[in-house]
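Below are the chains, spelled out letter by letter.
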Amino acid sequence: MNTPIIYLRLEKLRALMSEQKLDAFILIVDERANSESCHYISGFRGSSAGLIISMNEAVLITDGRYTTQAKMQSPFKIIIQSEKSMPEYLANAIKSSDYSRVGFEAEKISHATFTKYFAPVKAEWIDASGFIPKLRRTKDAYEVEKIKQAAKIGREAYGNVLKKVFPGMSEVEFDIMLMQEIKLLGAEKGWAHDDFIVASGERSAMCHAPATMKKFAQGETVTVDYGTMVEGYMSDITRNFSLGPVSDKAKEINEILLRAHHEAAKALRPGISGCEVDAIARKVIADSGYGDKFLHGLGHGLGLEVHEAPRLSRTSKDILQIGDVVTIEPGIYIEGWGGLRIEDDYLITPDGSECLTLNDNQSIGEI
């Protein structure tokens, strides 16, 4: 439990509540959905929870499975209940209080749940869906350090597995070995909700290809998109290797992606838009003749979730700000041949950016 950080975040949340003249703010975690925001503001990481935060009290409600865990992870007042559903309990709590303006996350609560439990309560319900995402977007020193630790473990784990690769190894075997190394090195897990991408040969033309029983063949390239979690915070890295000498085609594409990646990374700074950064990398790739083979946005925010604000894409309206952590991940995908992607994580600083994943080993390697 990092109590000083939790209370600092609580203070910032209450400042947002004060701006909107809210008497209280509620948050619901339902079967892990929205658990990241609960973790951020309270410290609690269970799969079922409710928060009621007022200007002078912060309450965490959960069930008996989490009695000990809640006390260990959160400094909030703990209420253990199992007689009612979480929405019903929260609605009753607001009903029996004197709160008149209550903030809730309309983006996280279904229309059916709101209509059944909250709408009948005589309170003015204010959509405060943007409160926690706004706070989570700016990473503090503690969060940056956890992402760095996750990146360090990820890099070491990947390097250890590369030493064991051989033609005939399956994508699934590589995936399992990488996860094992990640855990043995002290990380909690890989990503929270997504499998790693391990795609060899022609399969690497698929941007999001989970590992299969396909075996690595001599002369093939392999793309590995993976990450690690430390205290809830994740890294996100993509690297490529070749079984045997790297083909001329792979060398060509790798060099294009390196230029696109580095040009975009150099442009990272407070005040630049996500679409501007995307355009820089996209132009390098288009000028090289592969513009129609870059099939996704350049990057995304990263933290307690592997995909969060801000976005770097052709349509992004996000403006980068100090404290953002974003990925840069240009890729080229050619059906019938394969694809490559190079990804690292960057912190936006007052003077530009800092690479948190140490982008010193981006070139495609030979196994």
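Analysis parameters
Residues numbered from 1 in each chain as written. Predicted model: local features only at pLDDT ≥ 70, side-chain atom pairs only at ≥ 80, totals over all residues. Heavy atoms only, no water. Helix = DSSP H or I, 4+ residues; strand = E, 2+ residues; numbered from the N terminus. Rg over C-alpha atoms; globule rule 2.2 N^0.38 Å. Buried < 20%, exposed > 50% of the residue type's maximum accessible area, 1.4 Å probe, protein only. Contact = heavy atoms within 4.5 Å. Areas by Shrake-Rupley, 256 points an atom, 1.4 Å probe, with all protein chains shown as cover. Lys, Arg positive; Asp, Glu negative; His and termini not counted. Charge placed at Lys NZ, Arg CZ, Asp CG, Glu CD. Pairing = 2+ DSSP bridges. Axes fitted to C-alpha atoms, helices over the stretch in contact; angles between N-to-C directions. Parallel < 35°, antiparallel > 145°, perpendicular 65-115°, else oblique. Left-handed = near helix turned anticlockwise from the far one by under 90°. Nonpolar A, V, L, I, M, F, W, Y, C, P; charged D, E, K, R; others polar. Phe/Tyr/Trp six-rings, centres within 6.5 Å; stacked < 30°, edge-to-face > 60°. Lys NZ or Arg CZ within 6 Å of the ring centre and 35° of its normal. Salt bridge = Lys/Arg side-chain N within 4 Å of Asp/Glu carboxyl O.

1. Things to note about the overall build of the protein
And then number 1: The helix and strand tally for the protein stands at ten helices and 19 strands.
And then number 2: Rg of the C-alpha trace for the protein: 23 Å, near the compact-globule value of 21 Å for 367 residues, within the 12% margin.
And then number 3: A principal-axis box enclosing the C-alpha atoms of the protein has dimensions of 70 × 40 × 35 Å.
And then number 4: Burial status across the protein gives 54% buried among its 367 residues.
And then number 5: Once local pairs closer than 6 in sequence are excluded, the contacts in the protein between residues at least 24 apart make up 66%.
And then number 6: Carbon and sulfur atoms provide 51% of the accessible area of the protein, an area that totals close to 16,100 Å².
And then number 7: In the protein, which carries 43 positive and 52 negative side-chain charges, the distance between the mean positions of the two groups comes to 2 Å.

2. Points about unusual backbone geometry
And then number 1: Look at the link from Ala 309 to Pro 310: it is a cis peptide, with omega at 0°.
And then number 2: With respect to the helices, strands and loops of the structure, Pro 310 is situated in strand 13 (residues 308-312).
And then number 3: A positive phi angle is found at Lys 21, which is not glycine, with a value near 55°.
And then number 4: Judged by relative accessible area, which is 62%, Lys 21 ranks as exposed.

3. Considering the sheet that holds strand 6 (residues 124-127)
And then number 1: In space, the six strands of this open sheet follow the order 4-3-2-1-5-6, with mixed pairing throughout. One side of each edge strand has no neighbouring strand; the edge strands of this open sheet are strand 4 (77-80) and strand 6. Strand-to-strand, the axes of this sheet are offset by a mean angle of 25°, without reference to chain direction.
And then number 2: Bridge analysis of strand 1 (residues 24-30) against strand 5 (residues 101-104) gives two bridges, and the strand direction is parallel. In the strand pairing of strand 5, Phe 25 is matched with Gly 103.
And then number 3: Most of the contacts of helix 4 (residues 86-95) go to strand 2 (residues 48-54), to which it runs at about 20°, and overall it touches strand 1, strand 2, strand 3 (58-62), strand 4, strand 5 and strand 6.

4. Focus: the packing of helix 7 (residues 141-162) against helix 8 (residues 171-184)
And then number 1: Viewed as axis vectors pointing N to C, helix 7 and helix 8 meet at an angle of 135°, and their least axial separation amounts to 9 Å. Between helix 7 and helix 8, the interaxial angle falls into the category oblique. Viewed along their axes, helix 7 and helix 8 form a crossing whose handedness is right-handed. Contact residues: Ile 153, Ala 157, Tyr 158, Asn 160, Val 161 and Leu 162 in helix 7; Phe 174, Met 177, Leu 178, Glu 181 and Ile 182 in helix 8.
And then number 2: For the contact of helix 7 with helix 8, the per-class residue count stands at nine nonpolar, one polar and one charged.

5. Here we look at the packing of aromatic side chains
And then number 1: Counted under the stated rule, the structure contains 15 aromatic pairs.
And then number 2: Consider the rings of Phe 44 and Tyr 66, whose centres lie 5.5 Å apart with planes at 85°: the pair is edge-to-face. You can see Phe 44 sitting in the loop between helix 2 (35-42) and strand 2 and its partner Tyr 66 sitting in the loop between strand 3 and helix 3 (67-73), a full 22 residues away along the chain. Taken individually, Phe 44 and Tyr 66 each receive the classification buried, so the pair is uniform in this respect.
And then number 3: Taken together, the aromatic side chains of Tyr 158, Phe 174, Trp 191, Phe 196, Phe 216, Tyr 226 and Phe 241 make up a single cluster linked through ring pairs.
And then number 4: The residue whose ring lies beneath Arg 9 is Tyr 40, and the NZ or CZ to ring-centre distance is 4.0 Å.
And then number 5: Residue placement shows Arg 282 over the ring face of Phe 294; its charged tip is 4.1 Å from the ring centre.

6. Notes on the pattern of salt bridges
And then number 1: Applying the stated criterion to the full structure yields 23 salt bridges.
And then number 2: Taking the shortest distance from any N to any O, the salt bridge between Glu 305 and Arg 136 comes out at 2.9 Å. Of this pair, Glu 305 sits in the loop between strand 12 (299-301) and strand 13 while Arg 136 sits in helix 6 (residues 131-137); the two residues are 169 residues apart in sequence, bridging distant segments of the chain.
And then number 3: When its relative accessible area of 7% is taken as the criterion, Arg 136 is described as buried.
And then number 4: The salt bridge involving Arg 137 is made with Asp 324; its shortest N-O contact spans 2.7 Å.

7. Side note on the pairing of strand 18 (residues 352-355)
And then number 1: For strand 17 (residues 344-349) and strand 18, the ladder comprises four bridges, and the chain directions are antiparallel. Note that in strand 18 the partner of Tyr 346 across the bridge is Cys 355.
And then number 2: The turn linking strand 17 back onto strand 18 is made up of two residues.

8. As for the sheet that holds strand 7 (residues 197-200)
And then number 1: With mixed pairing, the four strands of this open sheet are ordered in space as 7-8-11-19. Either end of the sheet is taken by a strand with one partner, and the two such strands are strand 7 and strand 19 (365-366).
And then number 2: Each of strand 7, strand 8 (221-226) and strand 11 (237-242) touches helix 8; the most contacted strand, strand 7, lies at about 145° to it.

9. Points about the pairing of strand 7
The two faces of a sheet get side chains in turn, since along a regular strand they alternate between them.
And then number 1: Every second residue of strand 7 is oriented toward a common face, with Ile 197 and Ala 199 on one face and Val 198 and Ser 200 on the other, all of them buried.
And then number 2: Bridge count between strand 7 and strand 8: four bridges; the pairing is antiparallel. What sits directly across from Ala 199, in strand 8, is Thr 223.

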